[in-house]
Amino acid sequence: MAGREVTVEGIVTRDARHGTGLKGFYLQQADNEADDNPATSEALFVYTRKSGGQAGDRLRVRGYVKEHHGLTELVRVSALHICGRGQQPAALELSLPWSEKQLPEALENMRVTVTDPLTVVDLHHLYRYGQVTLATRDQWIPTQRQRPGHKMPSVLEKQQNARLVLDDGSSITNPDRIAWLGNRRPPRAGEQTGTMTGILDYRFDAWRLHPDRPPRLLRRNPRPDVPLRPAEANLRVMTINLHNYFNGNGRGGGFESSRGARSPDALMRQTDKLVAALTMPDPDIIAVMELEADGYGAHSSIAQIARALGEPWRFVHTGQDQSQRAIRNGLLYRADRIQLRGATQRLELAKHQGRPVLAQSFSLIGAGPQVRIAVTHLKSKSCRGAEGTNRDQGDGQGCWAEARTRAAERIAAWLDSLPEADSHRGTLITGDLNSYAKEDPLIALAQAGYRNLASDDAYSFRYKGRRGTLDYALADGQLAAAVLASLYWPINSDEAPGLGYDGPESVRQEGPWRASDHDPVITDLRL
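Description of the structure in this document. The numbering scheme is per chain: residues are counted from 1 as the chain's sequence reads. Only residues with pLDDT of at least 70 get local features here, since the model is predicted, and only at 80 or more are side-chain atom pairs given and counted; chain-wide, interface and lining totals rely on the full set of residues. Calculated side-chain values reflect all of the structure's heavy atoms, with hydrogen atoms and water omitted.

## Examining the overall build of the chain
Working step 1: Along its length, the chain carries eight helices and 29 strands.
Working step 2: If one aligns the C-alpha atoms of the chain with their principal axes, the spans along those axes are about 90 × 50 × 45 Å.
Working step 3: Throughout this description, buried means an accessible area under 20% of the type-specific maximum (1.4 Å probe, protein chains only), exposed means over 50%, and partly exposed covers the range between. Out of the 527 residues in the chain, the part that is buried amounts to 55%.
Working step 4: Note on contacts: a residue pair qualifies if any of its non-hydrogen atoms lie within 4.5 Å across the two residues. Sequence-distant contacts, at least 24 apart, represent 71% of the contacts inside the chain between residues at least 6 apart.
Working step 5: A residue counts as positive if it is Lys or Arg and as negative if it is Asp or Glu; His and the chain ends are not included. By convention, the charge on Lys lies at NZ, on Arg at CZ, on Asp at CG and on Glu at CD. In the chain, which carries 67 positive and 63 negative side-chain charges, the distance between the mean positions of the two groups comes to 2 Å. A run of H or I in DSSP counts as a helix once it spans at least four residues, and a run of E counts as a strand once it spans at least two, with each numbered from the N terminus.

The structure is reproduced here in structure tokens:
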């Protein structure tokens, strides 16, 4: 009926014409007037700023039918009459996932009730558009649990059918206050909602619920305590992607890069959050990625983060950075506990494979066994410039999987070729591999003798509401016997991005929460 002029009559179930609303109202047929066809909706969104009526009133409206990006609505309203008060239609029970027996189109714009708990899986748009993505259960990146293959698109579709967006019903971006959240702390991913009643709507390619009242949040995923260091551990290695730590010119200006902090105040907030995250677990060695490649001078980014960590901390020098990359890897260590052993090694990878690998041997102060730490950051899954076998093959690995796999093989061979001291205890490859646990680069490293120390239920990153591991600690056969524990500290991936250093001032929090977009990996060893 798109394009036809019609007259409709029904009950206003939600009025969103005023303030920051959606510039219209929802109109639903009274229960005693609904048709007998369960496959068709009994409601419309009326796009208008015409005044008259409120929620609970019966209105007669004349306008034109339009299908607006998948949402059926009435536009160009020419007449609106109040016919008196009516009775709100009963909310129909909605359950996920969507199925052939219950298609969301049949409930579009209608009042519904969700009785089953739904899990928060994505908070990316919470402080941008006032919405979060919910699902029947927390969802995994498919290649975190199974080998890449042609069935991955169907897995993603199945996950999408189990989702619903919780929306604040506002048309503004970057809201100061989110209606359904109120003054409560924002949820963490993995937490759940209680029973919710509201309007089922479709916008921006997603089915969403505008709740009648703030939903109850079931705190099923509390913020974690700092991981305790085992009494017998004499070396703790921490690995974290810094989410672009750039310090301008190092003198309080020069914030011209599109990466990282854009002002001295933002840099201070970013540094404070990172220092909290990096010091609270009491590590001896810190491997970092996404550090500005600006040399090793007093005003460099690595020098600034070392100073912020405190007096015992030093960083590993490799000489002037000649890679012409925007970001690089780095190693920091506590000079009162740890000493360098031998020369620093560096492997320059092809630009499409990843950032240069940094390898350094360490031992406890005085003497004892040496452990080699190799920090790496492989090419991202972004498809820019990808050609041939490096393009997305539709198997779940994204672009550049071939390049990442070749890089992993090359790193393993390079480490195998390096000289070993008599006291060499083994090698730990650590960093952001931009690959999930069952993807080819991890398989290549496993075949080269490097064991993934993460547990099967571990994750360090969320992408579009799906979780998985991109960050790893991989021990060779020599070192595996010295590993006491390796775990992820979930202070970042489950938190709303708006809590980061560049988020809204009204929600900023002190402490390590959302210091980065990746969770740190903490590995305890007994050398």
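## Notes on the nonpolar core
Working step 1: What makes a nonpolar core is a set of buried Ala, Val, Leu, Ile, Met, Phe, Trp, Tyr and Cys residues whose side-chain atoms join them at distances within 4.5 Å. Grouped together as the largest cluster of nonpolar side chains are 48 residues, with contacts concentrated most on I285, L331 and L415.
Working step 2: When residues of this core are assigned to their parent elements, the largest contribution, six residues, is made by helix α6 (residues 401-417).
Working step 3: Beyond its immediate sequence surroundings of up to four residues, I285 is in contact with L235, R236, V237, M238, W313, L331, L332, Y333, I338, F362 and I373.
Working step 4: Residues Y26, L94, M110 and L217 belong to the second largest nonpolar core, which totals 36 residues.

## Topic: the sheet that holds strand β4 (residues 57-68)
Working step 1: For two strands to pair, DSSP has to find at least two bridges joining them. With mixed pairing, five strands are arranged side by side around a closed barrel as β1-β2-β3-β5-β4. Shown here is a sheet whose adjacent strand axes are inclined to one another by a mean of 50 degrees, direction ignored.
Working step 2: Pairing analysis gives 10 bridges linking β4 to strand β5 (residues 71-85), with the strands arranged antiparallel. Looking at β5, one finds that D57 is bridged to R85. To obtain an axis, a line is fitted to C-alpha atoms, over the contacting stretch when the element is a helix, and the angle between two such axes runs from 0 to 180 degrees between their N-to-C directions.

## Focus: the sheet that holds strand β19 (residues 327-334)
Working step 1: Here six strands make up an open sheet; going across it, the order is β18-β19-β17-β16-β29-β28 and the pairing mixed. If you trace the sheet from one side to the other, it starts and ends with β18 (313-315) and β28 (483-488), each paired once. Pairs of neighbouring strands in the sheet enclose a mean axial angle of 20 degrees, with direction left out of account.
Working step 2: Of the strands in this sheet, β16 (235-245) and β17 (285-292) touch helix α4 (residues 264-279), which is tilted by about 160 degrees from β16.

## Considering the pattern of salt bridges
Working step 1: A carboxyl oxygen of Asp or Glu within 4 Å of a side-chain nitrogen of Lys or Arg is what we treat as a salt bridge. Applying the stated rule across the entire model yields 31 salt bridges.
Working step 2: In this structure, D440 and R147 form a salt bridge, with 3.0 Å as the shortest nitrogen-oxygen distance. Residue D440 is found in helix α7 (residues 440-447), and its partner R147 is found in the loop between α2 (142-145) and α3 (152-160); the two are separated by 293 residues along the sequence.
Working step 3: What makes D440 partly exposed here is its relative accessible area of 26%.
Working step 4: R325 is the salt-bridge partner of E348, the closest N and O atoms lying 3.7 Å from each other. Separated by 23 residues along the polypeptide, E348 in the loop between β20 (338-347) and β21 (357-364) and R325 in the loop between β18 and β19 bring together distant segments of the chain.
Working step 5: Look at E348 and you get partly exposed, because its relative accessible area is 35%.
Working step 6: Each member of the salt-bridge network shares a partner with another, and the members are D138, R188, R223, R462, R467, D494 and E495.

## Considering unusual backbone geometry
Comment: phi is negative for the bulk of residues other than glycine, and the bulk of peptide bonds are trans.
Working step 1: Residue L96 is joined to P97 through a cis peptide bond whose omega torsion reads 0 degrees.
Working step 2: Among the secondary structure elements, P97 is positioned in the loop between β6 (92-94) and β7 (111-114).
Working step 3: Phi is positive for W400, which is not a glycine, with a value near 70 degrees.
Working step 4: Locating W400 in the fold gives a position in the loop between β22 (370-377) and α6.
Working step 5: One non-glycine residue, K464, adopts positive backbone phi at about 50 degrees.
Working step 6: Topologically, K464 is positioned in the loop between β25 (461-463) and β26 (466-468).
Working step 7: Its relative accessible area of 53% is what places K464 among the exposed residues.

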